[in-house]
Amino acid sequence: MIKSLILILLFFGTGLVSSFAQDSTATQNSLRSGTITSQFDYIYRVSNSFQEHEVVKKSNLEQLKANVLDSIRTMSKEVSALKLQMTTMGDSVLIMKNLLSAEIEEKNQAIADRDNFSFLGMGIQKAAYSSMMWALVLVMAGALSFFAVQYFRSSSKISKAERDLIEVQEEFEQHRKNTLERERKLKRELIDAQMGRS
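Here is a short report on the structure shown in this document. Computed from a predicted structure; not experimentally measured. (Residues numbered from 1 in each chain as written. Predicted model: local features only at pLDDT ≥ 70, side-chain atom pairs only at ≥ 80, totals over all residues. Heavy atoms only, no water.)

Some thoughts on the overall build of the chain
When its secondary structure is counted, the chain shows 4 helices and 4 strands. Element order for the chain, N to C, with α for helix and β for strand: α-α-β-β-α-β-β-α. Here the chain holds 198 residues, and 6% of them are scored as buried. When contacts within the chain are restricted to residue pairs at least 6 apart in sequence, those whose partners lie at least 24 apart make up 26%. (Helix = DSSP H or I, 4+ residues; strand = E, 2+ residues; numbered from the N terminus. Buried < 20%, exposed > 50% of the residue type's maximum accessible area, 1.4 Å probe, protein only. Contact = heavy atoms within 4.5 Å.)

Structure below.
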């Protein structure tokens, strides 16, 4: 009977030691890995109830506290890193906005410079300059047409006047010849008349 009692105690002791070792290993594994929620669930499962209170091992609570604090520190670092990244991104966005504003202003200035230029010391738009030049060309073309018409009219009048002058000169020459001829005739007649008297 003592042998069986020793055997039972030995068997029970081995089971208890094995159970304690498994519990300790499970505790270490459950509190060393997994999410905070799974660790709280594990603590709740392994705790004992006493008059509607949960009795939790102090080592488990300390391990859970360390895990929670470690998670909080990790998350705080991540939050700080994200805040720094957001600040950096905000600065980058601000720089990009400034660059974009500068590029837009440069583009507008280039368009204004392309459409405007200095003419006789005044800034003038190319469209206005083009219109002004075309108006000037049209005025000059009109003036040229007017003077060409006047020239051709004057040219025809001059040609007619030259023809008339030539005709008048020819008539005058003819008249002079006739007058000379008459004068000679009259002189002969006078000479003949004077000779006839004598």
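Thoughts on the side chain of asparagine 67
Inspection of the secondary structure puts asparagine 67 in helix H3 (residues 58-115). Residue asparagine 67 is classed as buried on the basis of its relative accessible area, which comes to 14%. Not counting the four nearest positions on each side in its chain, asparagine 67 is found in contact with Leu31, Ile36 and Gln39.

Thoughts on the pattern of salt bridges
Across all of its chains, the model carries 4 salt bridges by this definition. The closest approach of N and O atoms between arginine 73 and aspartate 70, which form a salt bridge, is 3.9 Å. On the criterion of helical spacing, the pair formed by arginine 73 and aspartate 70 is a turn pair, its members being 3 residues apart in helix H3. Given the relative accessible area of 47%, arginine 73 is considered partly exposed. Exposure remark for aspartate 70: the relative accessible area of 42% places this residue in the partly exposed category. (Salt bridge = Lys/Arg side-chain N within 4 Å of Asp/Glu carboxyl O.)

Remarks on the packing of aromatic side chains
Counted according to the given criterion, the structure contains 2 aromatic pairs. Taken together, a centroid distance of 5.5 Å and an interplanar angle of 65 degrees make the contact between phenylalanine 146 and phenylalanine 147 edge-to-face. A relative accessible area of 48% means that phenylalanine 146 is categorised as partly exposed. Here the aromatic rings of tyrosine 151 and phenylalanine 152 are separated by 5.5 Å at their centres, their planes lie at 65 degrees, and the arrangement is edge-to-face. With respect to class, tyrosine 151 is no different from phenylalanine 152; both count as exposed. (Phe/Tyr/Trp six-rings, centres within 6.5 Å; stacked < 30°, edge-to-face > 60°.)

Brief notes about helix H2 (residues 36-46)
Every buried residue belonging to H2 is among Gln39, Tyr42 and Ile43, and all of these are buried. All buried residues of H2 lie within an arc of 100 degrees about the axis, which places them on one face of the element. Exposed and facing more than 90 degrees away from the buried side of H2 are Thr37, Tyr44 and Arg45. (Arc of directions from axis to C-beta.)

Things to note about H3
An ideal rise of 1.5 Å per residue puts 86 Å on 58 residues; H3 measures up with 83 Å between its terminal C-alpha atoms. For H3, the set of buried residues is Asn60, Gln63, Leu64 and Asn67. (Expected span 1.5 Å × (residues − 1).)

Thoughts on a nonpolar patch on the surface
Together, Ile95, Met96 and Leu99 give the surface a local cluster of nonpolar side chains, amounting to about 320 Å² of exposed area. Residue placement: leucine 99 occurs in helix H3. (Patch = residues over 30% accessible without salt bridge, like charges linked within 9 Å, V, L, I, M, F, W, Y side chains within 5 Å. Areas by Shrake-Rupley, 256 points an atom, 1.4 Å probe, with all protein chains shown as cover.)

Any functional reading would require information that these geometric values do not contain.
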